[in-house]
2 protein chains.
Amino acid sequence: METNMFMKRAIELSKMALQTGKGGPFGCVIVKDGKIVGEGHNQVTSTNDPTAHAEVVAIRNACKNLNSFQLEGCEVYTSCEPCPMCLGAIYWARPSKVYFANTREDAKQIGFDDSFIYDEIPLSISHRKIPMLSMNRNQALLVFEEWKNKSDKTEY
Amino acid sequence: METNMFMKRAIELSKMALQTGKGGPFGCVIVKDGKIVGEGHNQVTSTNDPTAHAEVVAIRNACKNLNSFQLEGCEVYTSCEPCPMCLGAIYWARPSKVYFANTREDAKQIGFDDSFIYDEIPLSISHRKIPMLSMNRNQALLVFEEWKNKSDKTEY
């Protein structure tokens, strides 16, 4: 089967991350109007940044290049199905489509927690493995009220 | 009710983000052994980075300060229940506990998509609002195989 040229580049980036010791075997490119506008590969361990997954790095790179905090009309090509963090980042960036190659089950097979985190996210707060406790909601609500009433805000 | 000093700081940061126009009304601090080791506030719109939520910024800051890609033994104090992206980031960073003030429903009330994204994450790929399509898994699997067989890798 022929490989799509953008996915080919995403897979190349995943291989590069692995072979140069930058991080895990994950790569991603962002495409707009048939051109690559952003790229990224995993660099968690080389930059001490647990959020530096391929998709997050590529989204940040594309947004910087496009001078925008949104990726309207863009397509994401990622060498692996996004983990929940990256999927969340994709929803916030709002591209029009996502293509992926390896699956979350494939990631699990080589030792990555994507699948475990997918299981945790929909659980009620009291059932999660990391304890999550509520406090001081009333004080924080005052700031939300201030946001609601702010007239010159930039929404996102 | 008295406010916990770390949550007080997280709420202060959320207010600062709003009042200085840096981004949405969200703040976060990371604490280890009773001391703040990282801080962040939302800066999505001011830095054109859709991933620059308070928790992601604080996690990156704490990891930089601790020179580690893990937050073992740390506590996260966030002014709002984390969105799925930030919750994913928290799972990857592996702190021991999370405290939050506003809830995802409070965030929805002032116009944030957290609740929508929580609904999307557990859906099967074919039912999501952003189309997600599989391609070229066989090519990408070769890189995963290479990772599995790599002897000198740093796992995370």
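By convention here, each chain's residues receive numbers from 1 onward along its written sequence. For naming, the first written chain is A and the first written ligand is 1, with later ones following in the order written. Totals for whole chains, interfaces and linings use all residues, but because this is a predicted model, local features are given only for residues with pLDDT of at least 70 and pairs of side-chain atoms are given and counted only at 80 or more. Only hydrogens and water are removed before side-chain values are computed, so all heavy atoms of the structure are retained for them.

Visitor: I'd like a rundown of the overall build of chain A, residues and numbers included.
Guide: When helices and strands are tallied, chain A shows seven helices and five strands. Starting at the N terminus and walking to the C terminus, you meet the elements of chain A as α-β-β-α-α-β-α-β-α-α-β-α. For chain A, the spread of C-alpha atoms along the three principal axes comes to 55 × 40 × 30 Å. Should any heavy atoms of two residues lie within 4.5 Å, those residues are counted as being in contact. The contacts of chain A with a sequence gap of at least 6 include a subset with a gap of at least 24, amounting to 47%. Entry remark: accessible area of chain A is about 6,600 Å², with carbon and sulfur atoms responsible for 47%. Helix and strand assignments come from DSSP, with helices taken as H or I runs of at least 4 residues and strands as E runs of at least 2, each series counted from the N terminus. In these tables, accessible area is a Shrake-Rupley quantity obtained with a 1.4 Å probe, and a residue counts as shielded only by the protein chains included in the view.

Visitor: For helix H1 (residues 5-19) of chain B, give the residues involved together with the corresponding values.
Guide: Side chains that are three or four residues apart share a direction in an α-helix, a result of its 3.6 residues per turn. Taking 1.5 Å as the rise per residue, H1 of chain B with 15 residues should run 21 Å; its terminal C-alpha atoms sit 21 Å apart, in good agreement. Along its buried surface, H1 of chain B packs onto helix H7 (137-149) of chain A together with strand S1 (27-32), strand S2 (35-41), strand S3 (74-80) and strand S4 (97-102) of chain B. For H1 of chain B, the N-terminal capping position is held by asparagine 4 of chain B, with its side-chain oxygen 2.7 Å away from the main-chain nitrogen of phenylalanine 6 of chain B. A helix is expected to reach a length of 1.5 Å times the quantity of its residues less one. Think of a polar contact as two N or O atoms within 3.5 Å of one another; within protein, one of them needs to be a possible hydrogen donor and the other a possible acceptor, and neighboring residues in sequence only count if both atoms come from side chains.

Visitor: Pulling in residues and values, what's your account of the relation of the copies chain A and chain B?
Guide: All copies are superposed by least squares; the fitting set is the C-alpha atoms of residues with a pLDDT of at least 70 in both. The transformation that overlays chain A on chain B combines an axial shift of 0.0 Å with a rotation of 180 degrees, and the residual RMSD is 0.0 Å. When the rotation and shift are considered jointly, the pair of chain copies conforms to a two-fold rotation axis. Closest to the rotation axis within chain A is the C-alpha of methionine 85 of chain A, separated from it by 2.0 Å.

Visitor: Please set out the interface of chain A and chain B residue by residue, giving values where relevant.
Guide: Listed per partner, the contact involves 91 residues of chain A and 91 residues of chain B. Here chain A packs against chain B, burying approximately 8,400 Å² in sum over the two surfaces, 68% of which is carbon and sulfur. By buried area we mean how much accessible surface two parts lose on assembly, using a 1.4 Å probe and totalling the loss over both. Looking at the side of chain A facing chain B, the largest losses of area belong to Tyr91, Trp92 and Phe144 of chain A, adding up to 11% of the total buried there. For this analysis, a salt bridge means a side-chain nitrogen from Lys or Arg found within 4 Å of a carboxyl oxygen belonging to Asp or Glu. Put simply, chain A and chain B have eight salt bridges between them.

Visitor: Can you tell me about the sheet that holds S3 of chain B, naming the residues and giving the values?
Guide: Strands were regarded as paired on the criterion that DSSP finds at least two bridges between them. Ordered by their spatial adjacency, five strands build an open sheet running S5(A)-S4(B)-S3(B)-S1(B)-S2(B), and the pairing between neighbours is mixed. For this open sheet the edge positions go to strand S5 (132-134) of chain A together with S2 of chain B, each flanked by a neighbour on one side alone. In this sheet, adjacent strand axes meet at a mean angle of 20 degrees when their direction is disregarded. Summarising the sheet, S1 of chain B and S3 of chain B pair through five bridges and their orientation is antiparallel. Bridging from a neighbouring strand, cysteine 28 of chain B pairs with threonine 78 of chain B of S3 of chain B. Whenever a helix is involved, its axis is fitted only over the stretch in contact; in every case the axis is a line through C-alpha atoms, and angles between N-to-C directions fall within 0 to 180 degrees.

Visitor: So what about the pairing of S3 of chain B? Which residues, and what values?
Guide: Residues and elements named next belong to chain B. Only protein chains enter the accessibility calculation, which uses a 1.4 Å probe; a residue whose area is less than 20% of its type maximum is buried, one above 50% is exposed, and one in between is partly exposed. Summarising burial for S3: six of the seven residues are buried, a large majority. Bridge analysis of S3 against S4 gives five bridges, and the strand direction is parallel. Within S4, the residue paired with valine 76 across the bridge is valine 98. After leaving S3, the chain enters helix H4 (residues 84-93) and then returns to the sheet as S4, a path that is right-handed. When the strands point away from the viewer, a crossover counts as right-handed if the path from the first strand over the helix to the second runs clockwise.

Visitor: Give a description of the pattern of salt bridges that names residues and reports values.
Guide: One pass over the full model with this rule turns up 18 salt bridges over all chains. Between arginine 60 of chain B and aspartate 49 of chain A there is a salt bridge, and its shortest N-O distance comes to 2.8 Å. In this pair, arginine 60 of chain B sits in helix H3 (residues 54-66) while aspartate 49 of chain A sits in the loop between helix H2 (44-47) and helix H3 (54-66), so the two residues belong to two different chains. With a closest N to O distance of 2.9 Å, aspartate 113 of chain A and arginine 94 of chain B form a salt bridge. Taken as a pair, aspartate 113 of chain A in the loop between helix H5 (104-109) and helix H6 (114-120) and arginine 94 of chain B in the loop between H4 and S4 lie in two separate chains rather than in one. Judged by relative accessible area, which is 25%, aspartate 113 of chain A ranks as partly exposed. One continuous salt-bridge network, built from bridges that share partners, spans Arg9, Glu12 and Glu39 of chain A.

Visitor: Now, about the packing of H3 of chain A against helix H4 (residues 84-93) of chain A: what can you tell me, with residues and values included?
Guide: Residues and elements named next belong to chain A. The N-to-C vectors of H3 and H4 enclose an angle of 25 degrees; their axes lie 8 Å apart at closest approach. Here H3 is positioned roughly parallel relative to H4, judged by the angle of their axes. Once H3 is placed against H4, the crossing between them reads as left-handed. Here H3 contributes Glu55, Val56 and Ile59 to the contact with H4, which in turn contributes Met85, Cys86, Ala89, Ile90 and Ala93. The labels follow the angle: roughly parallel below 35 degrees, roughly antiparallel above 145, roughly perpendicular from 65 to 115, and oblique for the rest. The handedness criterion is simple: a crossing whose near helix is rotated anticlockwise from the far helix by less than a right angle is left-handed, and one whose near helix is rotated clockwise is right-handed.

Visitor: A description of the packing of aromatic side chains should follow, citing residues and the corresponding values.
Guide: Planes of paired rings set the category: under 30 degrees apart is stacked, over 60 is edge-to-face and the rest tilted, where pairs are Phe, Tyr or Trp rings (Trp by its six-membered ring) whose centres lie within 6.5 Å. Summed over all chains, the structure comprises 16 aromatic pairs over all chains. A centroid spacing of 6.4 Å and a plane angle of 50 degrees characterise the contact between tryptophan 92 of chain A and tyrosine 156 of chain A, whose relative ring orientation is tilted. Taken together, the positions of tryptophan 92 of chain A in helix H4 and tyrosine 156 of chain A in the segment after H7 put the pair 64 residues apart, joining distant regions of the chain. With centroids separated by 5.8 Å and ring planes inclined at 80 degrees, the aromatic side chains of phenylalanine 116 of chain A and tyrosine 91 of chain B adopt a geometry described as edge-to-face. Of the two residues, phenylalanine 116 of chain A sits in helix H6 while tyrosine 91 of chain B sits in helix H4, which places them in two different chains. By relative accessible area, which is 33% here, phenylalanine 116 of chain A ends up partly exposed.

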